[in-house]
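As a plain string of letters, each chain reads:
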Amino acid sequence: MSDVSHDTRDLRRGAEYDDAGVRDAVRTGAGFAAAGLLFLLTAAVWVGTCTGSTADALACGAPQRAALALGAPAILLAGGVWSLARTYRIPRDRTAWWAWLGTGSLLLALMVLSAVVSVPSL
């Protein structure tokens, strides 16, 4: 019978996810995701205040709506491309390449989701 009463500190000590590259990938992904979400929420509030009057023409015109709708997907696209580029710059013998690949894939999926949410406001 095997001993399953290992202390969790013993399990974490030899784990591969304790690498500094994994922390960097998670921080980068969280930063780009937070920036994209903040931009998406700000754009939603901004577009929500557009009433259609002539005074709103400078702040709520077609170019401004397009920039607001495509801003969050652009931020997430930049983060996804950065993370995927980082994946290929790391040698395969290091353990953190998979974290950067996961971060890039997640950011690209969030980019598609934010585009689907924000483009109908055009």
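Note: the structure precedes this text.
Let us look at the structure shown here. Because the structure is predicted, anything quoted here is derived from the model rather than measured.

## Regarding the overall build of the protein
Right, on to step 1. Along its length, the protein carries 4 helices and 0 strands.
Right, on to step 2. Along the protein, helices (α) and strands (β) appear in the sequence α-α-α-α when read from the amino end.
Right, on to step 3. Here the protein, with 122 residues, has 27% of them falling under the buried criterion.
Right, on to step 4. For the protein, contacts bridging at least 24 residues in sequence account for 71% of all contacts bridging at least 6.
Right, on to step 5. Carbon and sulfur atoms make up 69% of the accessible area of the protein, which totals about 8,000 Å².

## Focus on the pattern of salt bridges
Right, on to step 1. Scanning all chains against the criterion turns up 1 salt bridge.
Right, on to step 2. A salt bridge links D24 to R27, with the shortest nitrogen-to-oxygen separation between them at 3.7 Å. Remark: R27 and D24 occur in helix α2 (residues 20-48); sequence separation between them is 3 residues, near one turn of the helix.

## Examining the nonpolar core
Right, on to step 1. One finds V22, A25, I90, A96, A99 and W100 forming the largest nonpolar core, which totals 6 residues.
Right, on to step 2. Contributions of two or more residues to this core are made by α2 and α4 (97-118).

## Quick notes on the packing of aromatic side chains
Right, on to step 1. For the structure shown, the criterion picks out 0 aromatic pairs.
Right, on to step 2. One residue, R89, lies across the ring of W82, its end atom 4.9 Å from the ring centre.

## Here's the deal with the packing of helix α3 (residues 62-89) against α4
Right, on to step 1. Following both chains from N to C, one finds α3 and α4 inclined at 165 degrees, their axes separated by 8 Å at the closest point. By the angle class used here, α3 and α4 are roughly antiparallel. In this structure, α3 meets α4 at a crossing whose hand is left-handed.

## A few points about the side chain of S83
Right, on to step 1. Note on placement: S83 falls in helix α3.
Right, on to step 2. With residues up to four places along the chain from it excluded, the contact list for S83 reads T28, W100, T103, G104 and L107.

## Observations concerning α2
Right, on to step 1. Look at α2: 42 Å from first C-alpha to last across 29 residues, which is about the 42 Å you get at 1.5 Å a residue.
Right, on to step 2. In this structure, the buried residues of α2 make contact with α3 and α4.

## Digging into the environment of G102
Right, on to step 1. Among the structural elements, G102 can be located in helix α4.
Right, on to step 2. In this structure the C-alpha to C-alpha distance between G102 and A25, which are 77 residues apart in sequence, comes to 8.7 Å.

Criteria and cut-off values
- Residues numbered from 1 in each chain as written.
- Predicted model: local features only at pLDDT ≥ 70, side-chain atom pairs only at ≥ 80, totals over all residues.
- Heavy atoms only, no water.
- Helix = DSSP H or I, 4+ residues; strand = E, 2+ residues; numbered from the N terminus.
- Buried < 20%, exposed > 50% of the residue type's maximum accessible area, 1.4 Å probe, protein only.
- Contact = heavy atoms within 4.5 Å.
- Areas by Shrake-Rupley, 256 points an atom, 1.4 Å probe, with all protein chains shown as cover.
- Salt bridge = Lys/Arg side-chain N within 4 Å of Asp/Glu carboxyl O.
- Core = buried A, V, L, I, M, F, W, Y, C linked by side-chain atoms within 4.5 Å.
- Phe/Tyr/Trp six-rings, centres within 6.5 Å; stacked < 30°, edge-to-face > 60°.
- Lys NZ or Arg CZ within 6 Å of the ring centre and 35° of its normal.
- Axes fitted to C-alpha atoms, helices over the stretch in contact; angles between N-to-C directions.
- Parallel < 35°, antiparallel > 145°, perpendicular 65-115°, else oblique.
- Left-handed = near helix turned anticlockwise from the far one by under 90°.
- Expected span 1.5 Å × (residues − 1).

Purely spatial values, then, with no claim about function.
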